[in-house]
Each structure stands twice: as structure tokens, then as C-alpha cells.
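# Inside the fold
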Amino acid sequence: MTDVTGAPADVLHTLFHSDQGGHEQVVLCQDRASGLKAVIAIHSTALGPALGGTRFYPYATEAEAVADALNLARGMSYKNAMAGLDHGGGKAVIIGDPERDKTEELLLAYGRMVASLGGRYVTACDVGTYVADMDVVARECRWTTGRSPENGGAGDSSVLTAFGVYQGMRASAQHLWGDPSLRGRKVGIAGVGKVGHHLVKHLRDEGAEVVVTDVRMDAVQRILEQYPQGVTAVADTEELIRVEGLDIYAPCALGGALNDDSVPVLTARVVCGAANNQLAHPGVEKDLADRGILYAPDYVVNAGGVIQVADELHGFDFDRCKAKAAKIFDTTLAIFARAKEDGIPPAAAADRIAEQRMAEARAGHAAL
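From a predicted model like this one, the values you see are computed outputs, not experimental measurements. (Residues numbered from 1 in each chain as written. Predicted model: local features only at pLDDT ≥ 70, side-chain atom pairs only at ≥ 80, totals over all residues. Heavy atoms only, no water.)

## Description of the packing of helix H6 (residues 158-177) against helix H14 (residues 328-342)
Packed helix pairs are characterised by how far apart their axes lie and by the angle those axes make with each other. It is the contact of H6 with H14, at a shortest axis distance of 8 Å, that shows an interaxial angle of 40 degrees. In terms of orientation, H6 and H14 fall into the oblique class. Our pair here, H6 against H14, has a crossing hand that is right-handed. Of the residues in H14, those touching H6 at Gly164, Gln167, Gly168, Arg170, Ala171, Ser172, Gln174 and His175 are Ile328, Phe329, Thr332, Leu333 and Phe336. (Axes fitted to C-alpha atoms, helices over the stretch in contact; angles between N-to-C directions. Helix = DSSP H or I, 4+ residues; strand = E, 2+ residues; numbered from the N terminus. Parallel < 35°, antiparallel > 145°, perpendicular 65-115°, else oblique. Left-handed = near helix turned anticlockwise from the far one by under 90°. Contact = heavy atoms within 4.5 Å.)

## Overview of empty space enclosed by the protein
One pass over the full model with this rule turns up 1 cavity of 30 Å³ or more. In this structure, the largest cavity spans a volume of roughly 50 Å³. Considering the residues around the largest cavity, the lining is formed by Leu72, Gly75, Met76, Lys79, Asn276, Asn277, Asp298 and Tyr299. Breaking the lining of the largest cavity down by element, the ones donating at least two residues are helix H2 (62-82) and helix H11 (298-301). (1 Å grid on protein atoms, 1.4 Å probe; cavity = no way out; pocket = protein on both sides within 12 Å on 5 of 7 lines; lining within 4 Å. Points joined across faces, edges and corners; volume = space filled by probe spheres on them.)

## Observations regarding the environment of Gly305
With respect to the helices, strands and loops of the structure, Gly305 is situated in helix H12 (residues 304-312). By relative accessible area, Gly305 is classed as buried at 7%. Residues Gly305 and Gly152, spaced 153 residues apart in sequence, show a C-alpha to C-alpha distance of 17 Å. Setting aside residues no more than four positions away along its own chain, Gly305 makes contact with Ser157, Leu160 and Thr161. (Buried < 20%, exposed > 50% of the residue type's maximum accessible area, 1.4 Å probe, protein only.)

## Concerning the environment of Arg120
Of note, Arg120 is situated in the loop between helix H4 (104-115) and strand S6 (121-122). With relative accessibility at 31%, the residue Arg120 sits in the partly exposed group. Each C-alpha atom, one on Arg120 and one on Gln221, is 41 Å from the other, the two residues being 101 residues apart in sequence. The contact partners of Arg120, leaving out residues within four places of it in the chain, are Glu24, Gln25, Ile42, Thr45, Pro49 and Ala50. Only 3.2 Å separates the side chain of Arg120 from the side chain of Glu24, close enough to count as a polar contact. (Polar contact = N/O pair within 3.5 Å; in protein donor to acceptor, adjacent residues only side chain to side chain.)

## Considering H12
For H12, the tally of buried residues reaches 9 of 9 residues, placing the bulk of the element in the interior. Within H12, burial applies to Gly304, Gly305, Val306, Ile307, Gln308, Val309, Ala310, Asp311 and Glu312. Where H12 is buried, its residues touch strand S3 (50-51), H2, H6, helix H13 (318-326) and H14.

## What to know about the packing of aromatic side chains
If you walk through the whole model with that rule in mind, you get 3 aromatic pairs. Centroid distance Tyr78 to Tyr299: 5.7 Å. Interplanar angle 65 degrees. Geometry classified as edge-to-face. A residue pair is termed long-range when its members are at least 10 positions apart, and Tyr78 in helix H2 and Tyr299 in helix H11 qualify at 221 residues. Of the residues examined, Tyr299 reaches a relative accessible area of 10% and is grouped as buried. Stacked on the ring of Trp177, the Lys or Arg Arg185 has its end atom at 3.8 Å from the ring centre. (Phe/Tyr/Trp six-rings, centres within 6.5 Å; stacked < 30°, edge-to-face > 60°. Lys NZ or Arg CZ within 6 Å of the ring centre and 35° of its normal.)

## Re the nonpolar core
In this structure, Met169, Ile189, Leu199, Val200, Leu203 and Val212 are the most contacted members of the largest nonpolar core, which totals 45 residues. If you tally residues by element for this core, the top one is H6, at 7 residues. Beyond its immediate stretch of four places on either side in the chain, Met169 contacts Leu182, Val187, Leu199, Leu203, Ile248, Ala250 and Cys272. Core analysis: the next-biggest nonpolar cluster, separate from the first, contains 22 residues, Ala38, Leu107, Leu108 and Leu117 among them. (Core = buried A, V, L, I, M, F, W, Y, C linked by side-chain atoms within 4.5 Å.)

## Some points on the pattern of salt bridges
Any two side chains of opposite charge can pair, so long as their charged atoms come close to each other. Following the criterion strictly, the structure yields 21 salt bridges and no others. Measuring nitrogen to oxygen at the nearest pair gives 3.0 Å for the salt bridge that ties Asp218 to Arg216. The exposure class assigned to Arg216 is partly exposed, which follows from its relative accessible area of 48%. Ionic pairing is found between Glu238 and Arg242, a salt bridge with its closest N-O pair at 3.1 Å. Under the relative-accessibility criterion, Arg242 is labelled partly exposed at 43%. Members of the salt-bridge network, linked through shared partners, are Arg55, Asp68, Lys91 and Asp126. (Salt bridge = Lys/Arg side-chain N within 4 Å of Asp/Glu carboxyl O.)

## Describing the pairing of strand S10 (residues 248-251)
Neither face of S10 is exposed, since Ile248 and Ala250 on one face and Tyr249 and Pro251 on the opposite face are all buried. Sheet analysis places strand S7 (residues 186-190) next to S10, joined by 4 bridges and oriented parallel. Residue pairing across strands places Ala190 opposite Pro251, the latter belonging to S10. (Pairing = 2+ DSSP bridges.)

## Some details on helix H7 (residues 196-206)
Taken as a whole, H7 has its buried residues at Gly196, His197, Leu199, Val200, Leu203 and Glu206. Buried residues along H7 sit against H6, S7, strand S8 (209-213), helix H8 (217-226), strand S9 (231-233) and S10. Where H7 ends, the next residue or the one after it, Gly207, has phi of about 95 degrees, a positive value.

## Concerning the sheet that holds strand S12 (residues 294-295)
On the basis of which strands lie adjacent, the open sheet formed by 6 strands has the order S9-S8-S7-S10-S11-S12 and parallel pairing. The sheet is open, and its two edges are formed by S9 and S12, each paired on a single side. Running at roughly 155 degrees to S9, H8 makes contact with S8 and S9 of the sheet.

Now the structure itself:
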């Protein structure tokens, strides 16, 4: 079933009617000369200009791309609110294979599309896009972060993303076991790319045992060569989530890792990872709680990267950003406390806190 534009009706229903919608603006972008097809979704500007990365991914359908942009943008509103940033949530997706379709012309065309929004959306890196890509986008759009230091930027945001996830793990350990130390804990990481390989370092430096997997064998091999002791690999995520004695599971690839198939067989006591939108659908957070698995909300613990790119807009200072990212430890503990107080899963507690901040901001605007 389609609407009058030919778009699947369920996409428009999500946008206008469902709890997953409520977006302020969705822009469909096309530049035939370069082959650009993109979706820019702005969920909220209540706290300030929408901020979120650009994902370059070979979606099977345009409808899938729109749905992903909507979900990711909404997640950014909550992430930015919980990180204490004066930014709303937005996200962009470019449809295509970044290995094959990414060109300078396409990125410049994308930059012009972002610039046309006049600052309502500030873009940065995400899956399939890198610092060098943002340098190109920035040639056409001043509302671009995640640039290289040579071009006035902060560089790779995955460094602080991993640091924030590590702080979330420490907070989870404190809440569950009464000690933030991860020494001797067994941590399984699904995805050891931009963020995951930095996370491995934090864990090994503290003395944790690490088990890794990735769809790219070269990424796994790099980790094994770098850490010949204390790190092992398994074939895939299906094997990883069943590893005996796993203390913490860290999804660090694409979303939807926690679903009706994975949660019942998960051996870990804690889930804390860098991937966005880890809960495949509403209700999974309760399934985790029912099994006694502590879930550290993804958009809380993976906020280190957005903290970094937001700071870039005001003159980047790494030490200042790292200090802000370190507070993810306290924020995560506060969410666990709120969840216990309200008798709800941590994901619901985080949503309530973020929604309260956004509602207060909207009320403040209305009073002006």
C-alpha cells in the first residue's frame, strides 16, 4: 500500500501517528548528477539545532532508509538531552554502498543539501562516513562537525564514544556487583571497527578478558595481532552471545541486536555497547529485565562522540570533552537509580529523564 507520493503508507504513519514519530521535518534529497539519494530527518530542535551523524549504507529499499533515518534522529534527541547538550536530534542517511558509490561530487552535493536547511541540522560522521568525508562536506556546508584537526575539527569521534561506553560499563559493574572495576570480567564485543577497537584497549588496560567478533575478518585479525594475550575471537554474534561466563555484552555494530531471538539465549548479566537502537522493538527492555539482565541504554553510554562533535562547534578542547564524557558514569548510575525507584526498566527511565528535559525546554519557548 502506498500514499499519493508513492511512498509506503507505513512510513508516513510512523512519521505522523506513531510514538516513534513526532518529527519536525524530513527532507528527501536527490542529486542525479552525482547519484546522491539521501534522507535528512530532524526529530526535535527544542534544545537547539538538531545534531547527528550521516550514515552511508546500502539500504535494500528507500522505505528502509527513511525508517532508519526516523529512528536514528529520534534516538539523537534523547542522546543529546541525556548528554546535557544544547542540541536537538537529527540524522541523515545516504543510500548506497560507501565502498562503491561514495565520490567527492556526491559528498559536495550532500553538503549543499544540509546547508539548505540553514543550520537547523548539524551533521557529522556515522557508519560509512569518516573524518575525510566531513572535510569534503564542510566545503559546501559550515554546519559540519567531525572534521580533521587540519581543517579546524576535532578528528575521530570514536575515541570518546568508546571512552563513554567504557564508563557505562564501569557504572553497570558498580550497580550490579558493587565495584566499578572490570578486572577479570569477561566482555564480549560484537563489532571491532571504529569504536570497538578503542573499547578493547580500555578493557585490556584494566585487565578484562575480551571476546570479539566482526563481519570483517581483517578487523578481528587486527585486534588479535595487537592483543595476543587476553583477547579471543568467535565466528559470529550468534556464538558470542552464548559464550559461557560472559559478564558484559557490548553490541558495537548496527542496531537491533537485542531481539526476540537473542535475548532468551544471552549469557551476559549486562548489556552495554556503542551501537544505536539496540532494542529491536518496544518490549525488549522488559524481556531483558525479566531475565535479570541489566541494560545500559545505548544512547546514554555512546554519547561520547556527540559530546565531542558538539564541542567542535565552539572551539574544540579534548580535555574538556573527556571530562564531560566521564560524567556518563554518573548519568548511567542515576538512570539505574531512577529505574529502581519507578519500578521500570532502565531504558524507560532514561526516556523519562530525556523527555522531561525536552518538555521543559518546549515550555520555556512557549513562555517567551
